[in-house]
Amino acid sequence: MTDINKESISVLNDLIETSKDGQEGFKTCAEDIKHPELKSLFVQRAADCAAAAAELQAAVRALGGDPETSTSVAGDMHRRWVDVKAMFTGKDEEAVLNEAERGEDHALKAYKEALEKISKHNLVGIRDLVERQYHGVQRNHDQVKALRNQARAQS
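Notes on the structure in this doc start here. Because the structure is a prediction, the values reported are computed rather than measured.

1. Section: the overall build of the protein chain
Part 1 of the reasoning: Along the protein chain, the regular secondary structure elements total five helices and zero strands.
Part 2 of the reasoning: Order of helices (α) and strands (β) in the protein chain, N terminus to C terminus: α-α-α-α-α.
Part 3 of the reasoning: If you take every contact in the protein chain between residues at least 6 apart in sequence, the share linking residues at least 24 apart comes to 77%.
Part 4 of the reasoning: With an accessible surface of roughly 8400 Å², the protein chain has 52% of that area assigned to carbon and sulfur atoms.

2. Brief notes about the pattern of salt bridges
Part 1 of the reasoning: Scanning the model with the defined rule gives eight salt bridges in all.
Part 2 of the reasoning: Between arginine 152 and glutamate 94 there is a salt bridge, with its nearest N and O atoms 3.0 Å apart. On the criterion of sequence distance, the pair formed by arginine 152 in helix H5 (residues 124-154) and glutamate 94 in helix H4 (residues 93-121) is long-range, its members being 58 residues apart.
Part 3 of the reasoning: For glutamate 94, a relative accessible area of 17% gives the class buried.

3. Considering the side chain of glutamine 23
Part 1 of the reasoning: Here glutamine 23 is to be found in helix H1 (residues 3-32).
Part 2 of the reasoning: Classification of glutamine 23 by relative accessible area gives buried; the value is 17%.
Part 3 of the reasoning: When near neighbours in sequence (up to four residues on either side) are disregarded, glutamine 23 contacts Ala46, Cys49 and Ala50.

4. Let's talk about the packing of helix H2 (residues 36-62) against H5
Part 1 of the reasoning: Taken N-terminus to C-terminus, the directions of H2 and H5 make an angle of 165°; their axes are 12 Å apart at the nearest point. By the criterion of interaxial angle, the relationship of H2 to H5 is roughly antiparallel. For H2 against H5, the interelement crossing comes out left-handed. Here Leu38, Leu41, Arg45, Ala52, Glu55, Leu56 and Ala59 of H2 come into contact with H5, specifically with Leu129, Arg132, Gln133, Asn140, Gln143 and Leu147.
Part 2 of the reasoning: In terms of residue class, the contact of H2 with H5 is made up of seven nonpolar, three polar and three charged.

5. Structural notes on the nonpolar core
Part 1 of the reasoning: Judged by nonpolar contacts, the single largest core of 21 residues is most densely connected at Leu12, Leu15, Leu56, Tyr111, Ile118 and Val130.
Part 2 of the reasoning: For this core, the secondary structure elements donating two or more residues are H1, H2, H4 and H5.
Part 3 of the reasoning: Looking at this core element by element, the count peaks at seven residues for H4.
Part 4 of the reasoning: Excluding residues that lie within four positions of it along the chain, leucine 15 makes contacts with Leu56, Ala110, Tyr111, Ala114 and Val130.

6. Section: the packing of H1 against H2
Part 1 of the reasoning: One can describe the packing of H1 onto H2 by two numbers: an axis separation of 8 Å at closest approach and a directional angle of 160°. As the angle between them shows, H1 and H2 are arranged roughly antiparallel. Considering the relative orientation of H1 and H2, their crossing is left-handed.
Part 2 of the reasoning: Classifying every residue of the contact of H1 with H2 gives 17 nonpolar, five polar and five charged.

7. Structural notes on H5
Part 1 of the reasoning: Counted at 1.5 Å a residue, the expected span for H5 with its 31 residues is 45 Å, and the 46 Å between its end C-alpha atoms agrees.
Part 2 of the reasoning: Listed in full, the buried residues belonging to H5 are Ile126, Leu129, Val130, Gln133, Tyr134, Gly136, Val137, Asn140, His141, Val144, Arg148 and Ala151.
Part 3 of the reasoning: As for H5, its buried residues are in contact with H1, H2 and H4.

Rules used throughout
- Residues numbered from 1 in each chain as written.
- Predicted model: local features only at pLDDT ≥ 70, side-chain atom pairs only at ≥ 80, totals over all residues.
- Heavy atoms only, no water.
- Helix = DSSP H or I, 4+ residues; strand = E, 2+ residues; numbered from the N terminus.
- Contact = heavy atoms within 4.5 Å.
- Areas by Shrake-Rupley, 256 points an atom, 1.4 Å probe, with all protein chains shown as cover.
- Salt bridge = Lys/Arg side-chain N within 4 Å of Asp/Glu carboxyl O.
- Buried < 20%, exposed > 50% of the residue type's maximum accessible area, 1.4 Å probe, protein only.
- Axes fitted to C-alpha atoms, helices over the stretch in contact; angles between N-to-C directions.
- Parallel < 35°, antiparallel > 145°, perpendicular 65-115°, else oblique.
- Left-handed = near helix turned anticlockwise from the far one by under 90°.
- Nonpolar A, V, L, I, M, F, W, Y, C, P; charged D, E, K, R; others polar.
- Core = buried A, V, L, I, M, F, W, Y, C linked by side-chain atoms within 4.5 Å.
- Expected span 1.5 Å × (residues − 1).

As structure tokens, this is what we get:
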């Protein structure tokens, strides 16, 4: 296996963890929210994250690597914190959306770092995939932020 493949696999596996974190985070948000439209949005976002992770896992296999299959320790800790916080805030829409936005902030940061590594190490084989998924994360983030701002204005 070449060094470029090893570096590409490392970058992709980091993003698989991020996608798995997003999947579980959105699933938690869907469980914690009563509003049917938001619940539906979070269920769809969880499915989108699962599809992104599967696409990244396929790319790792194509490079000859073993794909990551689990969430990160930081993501697990964040979800536990969201659950504890939700007990005290009553799981209101704004609080859940705040946490969803924080999760999306983390995902954006992870994808930006991945794109920097891709440029630094000239990992052209995975650039298109990562850029396409980055734009999806950006759209998710912007939508969650807009919904959070809307919930904040109504409270």
